[in-house]
Amino acid sequence: MAARKPTRQTIAFGQEVIRLRHEKGLSRLELAERAAVSRSYIAQVENGTTRCRRDFALRLDDALGTDTALTDVWDDILKSSAHPKFFADFPNAEASAAFLRAFENTLVYGLLQNEDYARSLLVDDAAVNARLRRQSILSGDHPPVLCVVLDESVLHRLVGGPEVMRSQCEHLSTVSEMECVKLQIAPIAYYPGVHAPFTLATQENGDELVHLSTLNGGHTSSDSADILYASKAFATLQAHALSVAESRSLIRRVLKERWS
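Residues numbered from 1 in each chain as written. Predicted model: local features only at pLDDT ≥ 70, side-chain atom pairs only at ≥ 80, totals over all residues. Heavy atoms only, no water.

### A closer look at the pairing of strand 3 (residues 181-186)
Successive side chains on a regular strand alternate, one facing one side of the sheet and the next facing the other.
Part 1: Where burial is concerned, most of strand 3 is hidden: five out of the six residues are buried.
Part 2: Examined bridge by bridge, strand 2 (residues 145-151) and strand 3 share six bridges and lie parallel to one another. Bridging from a neighbouring strand, Val148 pairs with Leu183 of strand 3. (Buried < 20%, exposed > 50% of the residue type's maximum accessible area, 1.4 Å probe, protein only. Helix = DSSP H or I, 4+ residues; strand = E, 2+ residues; numbered from the N terminus. Pairing = 2+ DSSP bridges.)

### So, the nonpolar core
Nonpolar side chains in soluble globular proteins tend to be buried together.
Part 1: Core analysis: the biggest nonpolar cluster contains 34 residues, and Tyr109, Leu112, Leu146, Val148, Leu172 and Leu183 have the highest contact counts within it.
Part 2: If you list the elements that add at least two residues to this core, you get helix 6 (90-96), strand 1 (99-104), strand 2, helix 9 (153-156), helix 10 (162-175), strand 3 and helix 12 (244-259).
Part 3: Filtering out sequence-adjacent residues up to four positions away, Leu112 remains in contact with Gln135, Leu138, Leu146, Val148, Gln168, His171, Leu172, Val175 and Leu183.
Part 4: By size, the runner-up hydrophobic cluster in this structure holds 22 residues, among which are Ala12, Ile42, Leu60 and Leu78. (Core = buried A, V, L, I, M, F, W, Y, C linked by side-chain atoms within 4.5 Å. Contact = heavy atoms within 4.5 Å.)

### Thoughts on the pattern of salt bridges
Part 1: By the definition in use, this model includes 12 salt bridges.
Part 2: Residue Arg19 is joined to Glu23 by a salt bridge in which the shortest nitrogen-to-oxygen separation is 2.7 Å. Pair noted here: Arg19 and Glu23 are both in helix 1 (residues 8-23), with a separation of four residues, about one helical turn.
Part 3: Assessed through its relative accessible area of 54%, Glu23 is described here as exposed. (Salt bridge = Lys/Arg side-chain N within 4 Å of Asp/Glu carboxyl O.)

### Observations concerning the layout of surface pockets
Part 1: Looking at the largest pocket, its volume works out to about 1000 Å³.
Part 2: Forming the walls of the largest pocket are 37 residues, and the residues nearest its centre are Ile11, Ala12, Gln15, Ala95 and Ser96.
Part 3: Sorting the residues of the lining of the largest pocket by element identifies helix 1, helix 5 (69-79), helix 6 and helix 8 (125-134) as the ones contributing at least two each.
Part 4: At eight residues, the largest contribution of residues to the lining of the largest pocket is made by helix 1.
Part 5: Here the lining of the largest pocket is composed, by residue class, of 15 nonpolar, 10 polar and 12 charged. (1 Å grid on protein atoms, 1.4 Å probe; cavity = no way out; pocket = protein on both sides within 12 Å on 5 of 7 lines; lining within 4 Å. Points joined across faces, edges and corners; volume = space filled by probe spheres on them. Nonpolar A, V, L, I, M, F, W, Y, C, P; charged D, E, K, R; others polar.)

### Digging into the side chain of Gln203
Part 1: Locating Gln203 in the fold gives a position in the loop between strand 4 (198-202) and strand 5 (208-214).
Part 2: On the accessibility criterion, Gln203 (12% relative accessible area) is buried.
Part 3: When residues no more than four places from it in sequence are discounted, the contact partners of Gln203 are Arg8, Ala93, Ser96, Ala97 and Ala98.

### Details of the packing of helix 10 against helix 12
Part 1: Contact pair helix 10 / helix 12: the axes reach a minimum separation of 9 Å and the direction vectors enclose 160°. It follows from the interaxial angle that helix 10 and helix 12 lie roughly antiparallel. Crossing handedness for the pair helix 10 and helix 12: left-handed. Contact residues: helix 10 offers Pro162, Met165, Arg166, Cys169, Glu170, Leu172 and Ser173, while helix 12 offers Arg248, Ile251, Arg252, Leu255 and Trp259.
Part 2: Looking at the contact of helix 10 with helix 12 residue by residue, the classes come out as seven nonpolar, one polar and four charged. (Axes fitted to C-alpha atoms, helices over the stretch in contact; angles between N-to-C directions. Parallel < 35°, antiparallel > 145°, perpendicular 65-115°, else oblique. Left-handed = near helix turned anticlockwise from the far one by under 90°.)

### Here's the deal with the environment of Ala186
Part 1: Residue position: Ala186 is located in strand 3.
Part 2: With 28 residues separating them along the chain, Ala186 and Leu158 place their C-alpha atoms 18 Å apart.
Part 3: When residues no more than four places from it in sequence are discounted, the contact partners of Ala186 are Val149, Leu150, Asp151, Glu152, Tyr191 and Ala241.

### Considering helix 11 (residues 224-240)
Part 1: For helix 11, which comprises 17 residues, the first-to-last C-alpha distance of 25 Å matches the rise-based estimate of 24 Å (1.5 Å per residue) to within 8%.
Part 2: Within the span of helix 11, buried status applies to Ile227, Ala230, Ala233, Phe234 and Leu237. Angularly, the buried residues of helix 11 cover 135° about the axis, an arc narrow enough to put them on a single face. Exposed residues on helix 11 whose side chains face more than 90 degrees from its buried face are Ser224, Lys232 and Ala239.
Part 3: Taking the backbone nitrogen of Ala225 as reference, a side-chain oxygen 2.9 Å away marks Asp223 as the first, capping residue of helix 11. (Expected span 1.5 Å × (residues − 1). Arc of directions from axis to C-beta. Polar contact = N/O pair within 3.5 Å; in protein donor to acceptor, adjacent residues only side chain to side chain.)

### Some details on the packing of helix 2 (residues 28-35) against helix 4 (residues 54-64)
Part 1: Interaxial distance between helix 2 and helix 4 falls to 9 Å at its minimum, and their mutual angle equals 110°. When the axes of helix 2 and helix 4 are compared, the pair comes out roughly perpendicular. Crossing of helix 2 against helix 4: the hand is right-handed. Between helix 2 and helix 4, the contacting residues are Leu31, Arg34 and Ala35 on the first element and Phe56, Arg59, Leu60, Ala63 and Leu64 on the second.
Part 2: For the contact of helix 2 with helix 4, the class distribution of residues is six nonpolar, no polar and two charged.

Geometry only, nothing functional implied.
As structure tokens, this is what we get:
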């Protein structure tokens, strides 16, 4: 396929190809030789300027020895999605973002959920695996800066049983130590202008997309008014939230006092 303007989907796929190629210690030329294509085509796929076909994702998996890793990513973001329809267009922006800001007042934010917690919420293995694959962006070579504010009630709300909550709080404590993650807890209170969960994804070029949760799911928007609403709400939340260190201490205290 001829080169074209990159999309969020092709950029996200290309970044995963780059990540896996680097993990294998291969140059573009070496991967091209293994996949029997030109180096320039590998460059187009990695830069997101072409949308490869599914059979080429299979060839890349064979060339890299990555089982079905890239084929699964292709299925998730270039063909179909295991995410709910109201959310299906947002993971692409999330995967290619340089900066993510999120607020959750009911559940642990998806990128910070562990497997047991996710399984307590989702209906099948495909949905759980899709959620866990989303989290791979935090362990890549160039993870986004992720700023998350959780309402304190999330730490106390029973999901899946005490053992699940214990492991989830332990997971939050661990990921809060990651350099790219800034996790803060907002004390239970009313915050003017903050009405529901949301996530803001900011790209390297400054483009922004917001996912706004609603009672029946939510919607994704690039409308400037929606972006401004979420940005103001997040600033309010951060101003009232505990510091990162204080938040980590609170998580550990809730873990000990409520879930141990």
